[in-house]
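Descriptive structure summary
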Amino acid sequence: MHRPGRIEVVCGSMFSGKTEELIRRLKRAKFARQKVEIFKPAIDVRYSEQDVVSHDQNSIPSTPIDSSASILLLAGDIDVVGIDEAQFLDDGLVNVCNELANRGVRVIVAGLDMDYKGVPFGPIPGLCAIADEVTKVHAICVKCGSLAYVSHRLVKNDKRVLLGETQEYEPLCRECYQRAIKASE
């Protein structure tokens with residue numbers, strides 16, 4: 001049976017449930033007896049070197065990769081491809097996802113849409129542009145309870161990529177983020 005390919009993007013700030021939603025969709029596809037393959041950047045070893053793990057400790061086995069081109073090599077006879085933490089992959093990911101979808105593969109991508117400075121992050125903006133469906137999920141601002149807008153970095157470090165958790169980042173709404181930036185200047 002032929003299924004039309006599609007690209008689904010789940011994006012938002014840290015602690016918004018992106019990975020949780022990715023795992024939910026992939027587990028449903030597995031339950032439907034579809035062939036599923038999951039990939040994640042090899043640099044993301046926060047919870048596990050192999051598995052994709054959410055902050056709530058839900059997990060699903062995955063294949064760590066160093067470049068988006070590896071996905072085409074490893075996703076042979078697959079119905080559904082899941083990609084977590086896609087912001088850490090190269091910009092070639094946009095073409096890889098397009099190629100997979102054009103082959104009839106359902107591609108589900110999760111990642112941060114912005115870095116800690118509120119700047120669009122990695123291939124996610126390009127993926128949002130070509131996606132069949134974009135789901136933006138939100139964390140709750142830890143200061144005021146509004147919907148969070150950005151992952152505010154709590155530690156002094158100017159590296160764009162800094163793997164972290166609640167000690168390093170907090171979800172903030174736009175207003176509380178602006179206040180935090182002014183306070184740190």
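Before reading on, note that the structure itself is shown above.
In short, a report on the structure. (Residues numbered from 1 in each chain as written. Predicted model: local features only at pLDDT ≥ 70, side-chain atom pairs only at ≥ 80, totals over all residues. Heavy atoms only, no water.)

Looking only at helices and strands, the protein has five helices and ten strands in total. A total of 185 residues make up the protein; the buried ones form 48% of that total. Sequence-distant contacts, at least 24 apart, represent 71% of the contacts inside the protein between residues at least 6 apart. When the accessible surface of the protein is totalled, it reaches about 9300 Å², and 50% of it is carbon and sulfur. (Helix = DSSP H or I, 4+ residues; strand = E, 2+ residues; numbered from the N terminus. Buried < 20%, exposed > 50% of the residue type's maximum accessible area, 1.4 Å probe, protein only. Contact = heavy atoms within 4.5 Å. Areas by Shrake-Rupley, 256 points an atom, 1.4 Å probe, with all protein chains shown as cover.)

Quick look at the pattern of salt bridges now. One pass over the full model with this rule turns up twelve salt bridges. Among the ionic pairs, Glu8 bridges to Arg25, the shortest N-O distance being 2.9 Å. Highlighted residues: Glu8 in strand β1 (residues 6-12) and Arg25 in helix α1 (residues 18-31), separated in sequence by 17 residues. Overall, Arg25 belongs to the buried group, its relative accessible area being 7%. Put simply, Arg6, Glu8, Glu21, Arg24, Arg25, Arg106 and Glu133 are held in one network by salt bridges that share partners. (Salt bridge = Lys/Arg side-chain N within 4 Å of Asp/Glu carboxyl O.)

So, on to the sheet that holds strand β2 (residues 36-41). Pairing in this open sheet of six strands is parallel, and the strands run β5-β2-β6-β7-β1-β8 from one edge to the other. Strand pairing shows two members of the sheet lacking a second neighbour, β5 (63-65) and β8 (133-137), which therefore form its edges. Strand after strand, the sheet turns through a mean of 20° between neighbouring axes, direction not considered. Note: β1 against strand β7 (residues 106-112), seven bridges, orientation parallel. Across the sheet, residue Glu8 finds its bridge partner in β7, namely Ile108. Against the sheet, α1 makes contact with β1, β2, β6 (80-83), β7 and β8, and its axis sits at roughly 165° relative to β7, the strand it touches most. (Pairing = 2+ DSSP bridges. Axes fitted to C-alpha atoms, helices over the stretch in contact; angles between N-to-C directions.)

Here we take up the layout of surface pockets. Taken as a whole, the second largest pocket spans an internal volume of roughly 270 Å³. The wall of the second largest pocket is formed by 13 residues, among which Tyr116, His152, Arg153, Lys156 and Ser184 lie closest to the centre. Elements with a minimum of two residues in the lining of the second largest pocket: β9 (150-153) and α5 (174-184). Of the residues contributing to the lining of the second largest pocket, the split by class is six nonpolar, three polar and four charged. (1 Å grid on protein atoms, 1.4 Å probe; cavity = no way out; pocket = protein on both sides within 12 Å on 5 of 7 lines; lining within 4 Å. Points joined across faces, edges and corners; volume = space filled by probe spheres on them. Nonpolar A, V, L, I, M, F, W, Y, C, P; charged D, E, K, R; others polar.)

This next bit is on the packing of aromatic side chains. Tallied over the full model, the rule gives two aromatic pairs. Pairing Phe88 with Phe121 gives two aromatic rings, centres 6.1 Å apart and planes at 85°, and the pair type is edge-to-face. Of this pair, Phe88 sits in the loop between β6 and α3 (93-102) while Phe121 sits in the loop between β7 and α4 (124-130), and the two are 33 residues apart along the sequence. Neither Phe88 nor Phe121 differs from the other in exposure class; each is buried. On the numbers, 6.4 Å between centres and 55° between planes, the contact of Tyr149 with Tyr177 is tilted. Taken as a pair, Tyr149 in the loop between β8 and β9 and Tyr177 in helix α5 lie far apart in primary sequence, 28 residues in all. Take Tyr149: its relative accessible area is 23%, and that puts it in the partly exposed class. Here Tyr177 falls in the buried class, since its relative accessible area comes to 7%. Positioned above the aromatic ring of Tyr116 is the side chain of Arg153, whose terminal nitrogen or guanidinium carbon lies 3.6 Å from the ring centre. (Phe/Tyr/Trp six-rings, centres within 6.5 Å; stacked < 30°, edge-to-face > 60°. Lys NZ or Arg CZ within 6 Å of the ring centre and 35° of its normal.)

All right, on to the environment of Ala129 then. Mapping Ala129 onto the fold places it in helix α4. Note on Ala129: relative accessible area 65%, which makes it exposed. Placed 35 residues apart in sequence, Ala129 and Val94 show a C-alpha to C-alpha distance of 9.5 Å.

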